[in-house]
Structures are given as structure tokens and as C-alpha cells.
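Descriptive analysis of the structure
Residue-level listing of the chains:
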Amino acid sequence: MNHHIKMLAVSCTVLLSACQHQPAKVEAQSAQETQAETTFQTYSAEAFFKTTSVFGSSINHDNTAVLISSDETGIFNAYRMPLDGSPKKALTNSTEESIFVNSWFPEDDRMLYNADQGGNELDHVYVRNLDGSIVDLTPGENLKASFAGWHQDNQHFYITTNERDPKFFDLYEYKVSDYSRKMIFQNDSGYQVEGGSKNGKWLALSKNNSNADTDLFVIDLESDDQSPIMVGGSEPEDAALGSYTFTPDSMHLIYGSNAEGEFNQALSYDLNTKEHSPSFKADWDVSFLYFSDDGKYRVTGINQDAQTVLDIIEVSTGNSVTLPNLPTGDLRGVNFSKDSSRMVFYLNSDTSPSNLYTYTMGADNAQRLTDNGNPEINENHLVAGQVKRFKSFDGLEIPGILYKPKQAVNEKVPALVFVHGGPGGQSRFGYSALTQHLVNNGYAIFKINNRGSSGYGKTFFHLDDKKHGDHDLKDVVYNKKYLQSLDWIDAERIGVMGGSYGGYMTMAAMAFTDEFKVGVNIFGVTNWVRTLKSIPPYWEAFRKSLYDELGDPETDEQRLHDISPVFFGHQVKSPVLVVQGANDPRVLQVESDEMVEAIRKGGTHVEYLLFDDEGHGFSKKANRIAASDKYLKFLDEYLK
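We now turn to the structure provided with this report. All figures in this text were calculated on a predicted structure; none of them were measured in a lab. (Residues numbered from 1 in each chain as written. Predicted model: local features only at pLDDT ≥ 70, side-chain atom pairs only at ≥ 80, totals over all residues. Heavy atoms only, no water.)

1. So, the pattern of salt bridges
Rules: Within this document, salt bridges are pairs made up of a side-chain nitrogen of Lys or Arg and a carboxyl oxygen of Asp or Glu, the two lying within 4 Å of each other. Segments assigned H or I by DSSP are reported as helices when at least four residues long, segments assigned E as strands when at least two residues long, and all are numbered from the N terminus. Remark: exposure states derive from per-residue accessible area (1.4 Å probe, protein chains only) relative to the maximum for the residue type, with buried under 20%, exposed over 50%, and partly exposed in between.
Scanning the model with the defined rule gives 30 salt bridges in all. In this structure, the salt-bridge partner of Lys 338 is Asp 293, at a minimum N-O distance of 3.1 Å. Residue Lys 338 is found in the loop between β26 (330–336) and β27 (342–349), and its partner Asp 293 is found in the loop between β22 (285–291) and β23 (297–304); the two are separated by 45 residues along the sequence. For Lys 338, a relative accessible area of 36% gives the class partly exposed.

In C-alpha cells:
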């Protein structure tokens, strides 16, 4: 099983070493530069969302095409993108559910993908046969499944599913020939399946003891008892371990550990001798590490101040791979062909969506395969973010990304504190149609990475444990004070906005402080008691970790009640916009319904936008446009 396949599905921003990220200028400029910045155009939400979102990097068996998902039709579908630059071909034509690709089959052009139902997150794994027919490999109700990689014999693949027990994921081995399967690991003890070796012998498992302590195990799938073998064991109680990948020869497990300091470092565990050795170390978190299928290349990502610095080396020499001259941008989704002769990757920046490239190793140039930007938008009219830091109530430095609109050259502009999801997420560089739409229309945005955010060390990550609605909220308030110190910000027109946990922080700011002129709550938690009592059963492996961070609803109910904005809607004094997906399994619609009603009973203006066909995040382009239009209209009326 290739664990790195799952890693590639994660939207990780990676900094291209050949071309450094160019931050927006904020220093004194010449009159000519200032004049150039004042001549710009504003665009509609529809224009920004005319960009196409694309992901997927699996190269097929004969090195002729890459498998991608694209939302060019308004919803994600699967496509075959030829590597010679000829037009892509649609492999699915869904109009209801988004299609998220996993992988080609290793010896033909069948492909695997995931899809849920209306955003409910209950993914099934499907195969598209060569004749175009679709087979659900994980049929049934109320189950969740995911692809877990290939066996090196090319005749078997792996899927995890919670169909037997809704709380835990078992591992099944499927045959390529007829899709018959057998369970090879029954998960009765609450492990998280991390990934397996290519030869099918070893499986990595993790277990959360707390939100600061995660144990890592390996089991021999070929043994009779499959007894878990702990990797490490001498770490302190606050050490978190997790698997990155197995080496292509199935001799070592490469794993991450923060036992020796603030950040995750990569270590190697010899599966035969049980010895540990360093694999890769950095001054920040090592986010991921994986190899090309033949082991020729190693790719490592370091989470450095909201960007991932990428390190690609040739394993035999230790030399870095030299890439040709490319446009300025961040590298994402690096993957190799089976023989490592070809490489595909994406380039992305704050002002340009991801575009897919292919590169023949050693060639003089890379070939661009997509053009996902809207040609009607001049990139010079858009804004790149800058890392900024400010001191919070206790002197702690809080990082984030600041976007300064072009309008700020001539006038003071309103601003928004934008809070990421989580808890424990991180705002990062990269193209966001929503961000650019608001900034382009005259709103400064500070994407705060408040205490509790990932990427800044384990001490910083745990500073908000059981202090939500208090210390993290004070960071948001002090972010406002920092914005008020900037001479191009209108100090009286500052709002707060965010989704999921960021939506909670928005409502907490509006209910528990009088600091912000408006709030935009995007599917935010407003009742922690209900949310923690109604988490999906498939989160069972993380329940203890979640309770350690937020509180146990059985023993901490009063505190959770006291930080839940829904019970304090009468205290909201300024206008609020609430946006929700009806099928959201994480933040139930009833939470937003009740929050809206509580604010209305208090006599404050509140607007409510509900999408009947979305879950926790909006996958349909028409809905994303409608939401972005609503944000701007609301802000123009009540903040600007």
C-alpha cells in the first residue's frame, strides 16, 4: 500500500525552490509604481469562480495521461489529461455529486474515485471500468470508505471501510481481476489505519491517547496473531507519532515524531532490527515524506510559516532535483511515473489557481497542461499576501497572512479578521477566489493563525486547549487592534469572518464582545454541547483527542454551555450573516437555525443563507458564487 497516495490528495502548498515567493510590496514606492497600483479593475464573484479547480496526479501505466478531478462543469468530475498536451477527456459526467479521483489501475486505464451523497461525507469507493461502467466497491448504507493504496504485485489494492462497525475502519484487500475482497485487518481497538508497505506485509496504525500523545504501531499482516508492535515506546507522554510512508523496499517505516522538540521530524524505523535513525530534520514541521514508486526520488515538505518548502532529491546521490525555469509560484501535488521518467506537479500562487505541468526528467523545459485562470482577470489587479505578526494580550506573537487591497493606496479601507477551520487548522498561502473577490472589492483581510493553530510548534498548538472562547478569542480581538494600528485601515470598520471553527470564533466574537461591526459565520459551531455529543461515529478514534482539546460534554457541560454562542444570541449587537449546508454532518443545520433565531429574538439584524445540496464546505461552483456574492453584498451594506 502506498501511503503517500493519500498524502498527495491533501491540498498542501509547496514552495518551489527555483523561484522564491514574491510578497506584496508594502514599503515606500515610487510615484510610477503607486500610479500603476491605482489603475485596477474590480471583478464579480462569477469572474473569480470562472477559474477552474483541478487536482490529481496519478500517471497511468504507459505514461500517456494523468488522472484529474476538475470542476469546469460546475461540479467535480474525473478526466483523462494526456501528457502530450492534447485535449482532456471526461471520464464521468456527474451533475449531482462531486467525483474525487484516487488512482489509475497499475496495468490499464480503469480508475478509482470517491464520492459522497450531497456533502454528507459518507464516501464510497468506485471503479470506472474500461467500458465506462461504474461499480460501487463499498455498497451499503451509512458507511464511509477510502482507498488505501496498491500492492506491488499490481493485482491487489486496499480499501478501509467502517461497514462492520461504524466507529472503526477495517482494512480489505481487493482483487484487480474481479473486485472480490477479503478482510485482512479487523480493527476492534480504535486504531487509525495509517498505511501499509508495498509488499503487503506491514501495516502502520496509530492510537490517540490524548490530543498531545499519539502512539504508533506496526503489525505483520502475514503473522497469525497480528500483534501490534509499538514504534518507539520511550517517548514522553506529550509525544505525537504518525506514519509518513514505508520505503519502496518495505524494509523501513518513515514516521514523524515531535518527541525531541517543538516540531515533527522524520525518523526511520528498521522493521527487522527495530532500530531507529534520523531521516529528515528541519527547523519547522516535516509535513510529509514519500518516494517515487521505484524509490529513485524522495519528496519532503516542510511547513515553513504557512508555506511548504519542498525538497526533491535523487536517493542514490542525495542530490537535489534541478527543475527548469518556471513561473513564480508554489509547487503542489508532485508525483512520478512508475519508472520515474516523468513527473507531474501543480503551480499555484495567491493570484493564480493551480495549473498542471508535466516534466520529463532531465529535459530543458516543463510543459503546462492546463490554463485554469480566467483570462478576463488581470493578475496584476489581484493581491498576494504577506506574513505578519502581532502581539496578543499576553505578549505572545500571533502570525497570519495580510492582504492589502489596491484601494488602500488612496483611501482607508475596511478590514476583516478571517479565522480558519479546525480547531488546529492553519491559514496558508494559495489562490482563494473568495479571498481575492473580497480584497479586490476593497476589503483588507488578515488570515489569523491564532494560538492553537498547527505549524508553529506543539507548545503553540496546545495553548488553546480548553480555553476556546477565551484565549483564542482574545487573539482575534488583538488582531483587530493590530489592524487599527495600520494607517491604511479604517479603524471603525472591522469585521470578523470564518468557517467551521472559524465560524464559531466569529459568533463568539459577536456574542461575547462588542469589538466587531459585522460577523460572517460560515457553518460555524454554535452549540459545543450538542456538537460534541453528536460527532459522527467514525470519529471514534479521535474522540479522546477532541475532548482533551475542547472538553468532555458529560463532565464539562457547563463550561461548554458558557462558551456556546447559541445560548447568548441576545448579546449580539451588530449584524450577522450565517451560511449553512443542510447536509452538514459536522455542524448540524439545527445549530445555525437556532443561532439565527436567537439573534432575531434579541432584536439584532441577521441574514441566513442555506444550501440544500451542500455539506461542510461547498463543492458546487454555483453555490460558491452565490455565497461569495452574498458575503460582498452583506459587507457592502453593513461594513463599508
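2. Describing the sheet that holds strand β12 (residues 168–175)
What counts, and what does not: Criterion used throughout: strands pair if DSSP finds at least two bridges between them. All axes here are fitted lines through C-alpha atoms, helices being fitted over the stretch that makes contact, and every angle between N-to-C directions spans 0 to 180 degrees.
Strand order across the open sheet formed by four strands is β10-β11-β12-β13, with antiparallel pairing between neighbours. Of all the strands in the sheet, just β10 (145–150) and β13 (181–185) have a single pairing partner and so form its edges. Ignoring which end each strand starts from, the neighbouring axes of this sheet average 35° apart. Pairing geometry for β10 and strand β11 (residues 156–165), over five bridges, is antiparallel. If you follow Phe 147 over to β11, its bridge partner there is Ile 159.

3. Here we look at the packing of helix α6 (residues 471–484) against helix α7 (residues 501–512)
Convention followed: Angular relationships are summarised with four words: roughly parallel below 35 degrees, roughly antiparallel beyond 145, roughly perpendicular across 65 to 115, and oblique for the angles in between. The contact definition used throughout considers only heavy atoms, calling two residues in contact when any of these lie within 4.5 Å. Residues are sorted three ways: Asp, Glu, Lys and Arg are charged, Ala, Val, Leu, Ile, Met, Phe, Trp, Tyr, Cys and Pro are nonpolar, and all the rest, Gly among them, are polar.
Where α6 meets α7, the closest approach of the two axes is 10 Å, and the angle between their N-to-C directions is 75°. Taken together, the axes of α6 and α7 are roughly perpendicular relative to one another. Side by side, α6 and α7 meet where Asp 472, Leu 473 and Val 476 of the first sit next to Tyr 501, Met 505, Ala 508, Ala 509 and Phe 512 of the second. A per-class count over the contact of α6 with α7 returns seven nonpolar, no polar and one charged.

4. A few points about the pairing of β12
Within β12, seven of the eight residues are buried, which leaves the element mostly enclosed by the surrounding structure. Note that β11 and β12 share seven bridges and pair antiparallel. Looking across to β12, one finds that Ile 159 is bridged to Tyr 172. In this structure, the hairpin formed by β11 and β12 is closed by a connection of two residues. Here β12 pairs with β13 via four bridges, running antiparallel. The partner of Leu 171 across the bridge, within β13, is Phe 185.

5. A look at the environment of Phe 542
By the secondary structure assignment, Phe 542 is in the loop between α8 (528–533) and α9 (543–550). We classify Phe 542 as partly exposed; its relative accessible area is 36%. A sequence separation of 352 residues divides Phe 542 from Gly 190, and the C-alpha atoms of the two residues are 8.8 Å apart. Excluding anything up to four places from it in sequence, Phe 542 contacts Gln 192 and Asn 208.

6. Side note on α6
The line we're drawing: Expected span of a helix: the number of residues minus one, times 1.5 Å.
Between its terminal C-alpha atoms α6 stretches 20 Å, which fits the 20 Å expected from 14 residues at 1.5 Å a residue. Among the 14 residues that make up α6, ten are buried, leaving the element largely enclosed by the rest of the structure. Buried within α6 we find His 471, Asp 472, Leu 473, Asp 475, Val 476, Val 477, Asn 479, Lys 480, Tyr 482 and Leu 483. In this fold, the buried residues of α6 make contact with β30 (386–391), β31 (397–403), β32 (413–419), β33 (444–448), β34 (489–499) and α7.

7. Observations concerning the side chain of Lys 480
Convention followed: Side-chain atoms alone can form a polar contact between residues adjacent in sequence; in general such a contact is a pair of N or O atoms within 3.5 Å, and within protein one must be able to donate a hydrogen while the other accepts it.
With respect to the helices and strands, the residue Lys 480 is situated in helix α6. The class for Lys 480 is buried, based on a relative accessible area of 9%. At a separation of 2.7 Å, a polar atom in the side chain of Lys 480 contacts the main-chain carbonyl oxygen of Glu 515. Residue contacts for Lys 480: discarding those within four places in its chain leaves Val 417, Ile 494, Glu 515 and Phe 516.

8. Details of the packing of aromatic side chains
Condition: Any Phe, Tyr or Trp ring, taking Trp's six-membered ring, that has another such ring centre within 6.5 Å forms a pair; planes under 30 degrees apart are called stacked, those over 60 apart edge-to-face, and the others tilted. Two conditions define a charge located above a ring, namely a distance within 6 Å from the ring centre to NZ of Lys or CZ of Arg, and an angle within 35 degrees of the ring normal.
One pass over the full model with this rule turns up 28 aromatic pairs. Note on Phe 105 and Phe 157: the rings are 5.7 Å apart at their centroids and 70° apart in plane angle, and the pair reads as edge-to-face. Of the two residues, Phe 105 sits in the loop between β6 (100–104) and β7 (111–115) while Phe 157 sits in strand β11, which places them 52 residues apart along the sequence. Of the two residues, Phe 105 and Phe 157, neither departs from the other in class, the shared state being buried. With a centroid separation of 5.9 Å and an interplanar angle of 65°, the aromatic rings of Phe 147 and Trp 150 are classed as edge-to-face. Members of the aromatic cluster, joined through ring pairs, are Phe 105, Phe 147, Trp 150, Phe 157, Tyr 174 and Tyr 179. The ring of Tyr 191 has Lys 207 lying over it, and the distance from NZ or CZ to the ring centre is 5.3 Å. In this structure, Lys 474 packs its charged tip against the face of Phe 393, placed 4.9 Å from the ring centre.

The analysis is restricted to geometry; functional conclusions fall outside its scope.
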